[in-house]
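An overview of the molecular structure
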Amino acid sequence: NPVTLSVVLTSLALGTIFTVSSSHWFLAWMGLEINTLAIIPIMTQHKHPRAIEASTKYFLTQAAASALLLFSSLNNAWLTGEWSIMDLTNPLSCATMTVAICMKLGLAPFHFWLPEVLQGINLTTGLILSTWQKLAPMAILYQIAPTLNTPLLLALGLVSTLVGGWGGLNQTQLRKIMAFSSIAHLGWMVSILPFSPQLMILNLTIYLIMTSTMFLMLKTISSTKISSLATSWSKTPTTTALSLLTLLSLGGLPPLSGFMPKWFILQELTNQNTTILATTLALSALLSLFFYLRLTYI
């Protein structure tokens, strides 16, 4: 129904705008809830058991994360008397808030829902889930970055990049590969957030552009598996070539644009005397690049 679809899409947009523009924890939580409830009908529009299962997993995970976020903000307001997003000062609230937002984004070790959910939905909904749905939690992270626990964030970022690299190695489903790619990219963003939020925004922008391009190309050539991507070369050579270039850019291969944020992040981490973290991140990027190159060769 066009009316229902327009209401759902408007709610999806409004939820994100609410969260991005709010300075009050309750309004931010409300925006995240609207966002979650709006995408469920889009995920279940195709009455398939996999889609229903994916939407159930998504709803339960997001509801748990929202409850934790509300608990964290309530705890902070109880102790400090402040509901402002910028006044998150209680250490327990900072830790629980970090966990809640990482669960919403799908960062490791709270990532288990993301590949399963992406695999159960179609490419258009997967595009929304991988791009638009990341904006609201990332906006909250950006605002509270100065007050967050830096060692916790760095640990989550490091684990996410490693999991994103290892997890994609043995996959044959393109949607699962894109899910692990998303986990790895989010790990890079979270790793640089305590030191340079501007670099996180740069990385997020390039990630959104490349992921959108990849999903739209996969939708154009109707490809969800590696085998169907391999046979699409004879039918749509230009689109397939561009999709392979986008994959390499996602992997961070120079001189493509995906290399730029990784280079800047490694440079900034080295300047901050976190050379071991920078080295591990660079090595984890090789894991991701391996399965992107494997797709390109096929």
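Definitions and limits used
- Residues numbered from 1 in each chain as written.
- Predicted model: local features only at pLDDT ≥ 70, side-chain atom pairs only at ≥ 80, totals over all residues.
- Heavy atoms only, no water.
- Disulfide = S-S within 2.5 Å.
- Buried < 20%, exposed > 50% of the residue type's maximum accessible area, 1.4 Å probe, protein only.
- Domains from an automatic or database assignment.
- Contact = heavy atoms within 4.5 Å.
- Buried area = accessible area lost by both parts, 1.4 Å probe.
- Salt bridge = Lys/Arg side-chain N within 4 Å of Asp/Glu carboxyl O.
- 1 Å grid on protein atoms, 1.4 Å probe; cavity = no way out; pocket = protein on both sides within 12 Å on 5 of 7 lines; lining within 4 Å.
- Points joined across faces, edges and corners; volume = space filled by probe spheres on them.
- Helix = DSSP H or I, 4+ residues; strand = E, 2+ residues; numbered from the N terminus.
- Nonpolar A, V, L, I, M, F, W, Y, C, P; charged D, E, K, R; others polar.
- Phe/Tyr/Trp six-rings, centres within 6.5 Å; stacked < 30°, edge-to-face > 60°.
- Lys NZ or Arg CZ within 6 Å of the ring centre and 35° of its normal.

So, on to the state of the cysteines. The tally for this structure, following the rule as stated, stands at zero disulfides. Cysteine Cys94 is unpaired, with the sulfur of Cys102 as its nearest cysteine sulfur at 13 Å. Its relative accessible area of 4% is what places Cys94 among the buried residues. By relative accessible area, Cys102 is classed as buried at 0%.

We now examine the domain arrangement of the protein chain. By domain assignment, the protein chain separates into domain 1 (1-122) and domain 2 (149-297). Using C-alpha coordinates to define each centre, domain 1 is positioned 23 Å away from domain 2. Opposite the 17 residues of domain 1 that make contact, domain 2 presents 18 residues. Between domain 1 and domain 2, the buried area comes to about 1,500 Å², and carbon and sulfur atoms account for 75% of it. For the pair domain 1 and domain 2, the number of links is one salt bridge.

This part is about empty space enclosed by the protein. Tallied over the full model, the rule gives four cavities of 30 Å³ or more. In this structure, the largest cavity is lined by Leu32, Asn35, Thr36, Tyr58, Gln62, Lys104, Leu105, Trp113, Leu129, Gln133, Lys134 and Pro137. Breaking the lining of the largest cavity down by element, the ones donating at least two residues are α2 (25-43), α3 (49-80), α4 (91-105) and α7 (132-144). Within this model, the second largest cavity holds a volume of roughly 50 Å³. As for the second largest cavity, its lining consists of Thr161, Ala184, His185, Trp188, Leu250, Gly251, Lys262, Ser284, Ala285 and Ser288. Put simply, the parts of the chain that give the lining of the second largest cavity at least two residues each are α9 (174-192), α12 (237-251) and α14 (275-297). Partitioning the lining of the second largest cavity into residue classes produces four nonpolar, five polar and one charged.

Further remarks concern the packing of aromatic side chains. In this structure the tally under the stated criterion is five aromatic pairs. An angle of 35 degrees between the planes, with centres 5.4 Å apart, marks the rings of Phe26 and Trp29 as tilted. With Phe26 and Trp29 both in helix α2 and three residues apart, this pair spans about one turn of that helix. Note on Phe26: relative accessible area 39%, which makes it partly exposed. Ring pairing ties together the aromatic residues Phe259, Trp263 and Phe264, which thus form one cluster. The ring of Trp188 carries the charged tip of Lys262 above its face, separated from the ring centre by 5.3 Å.

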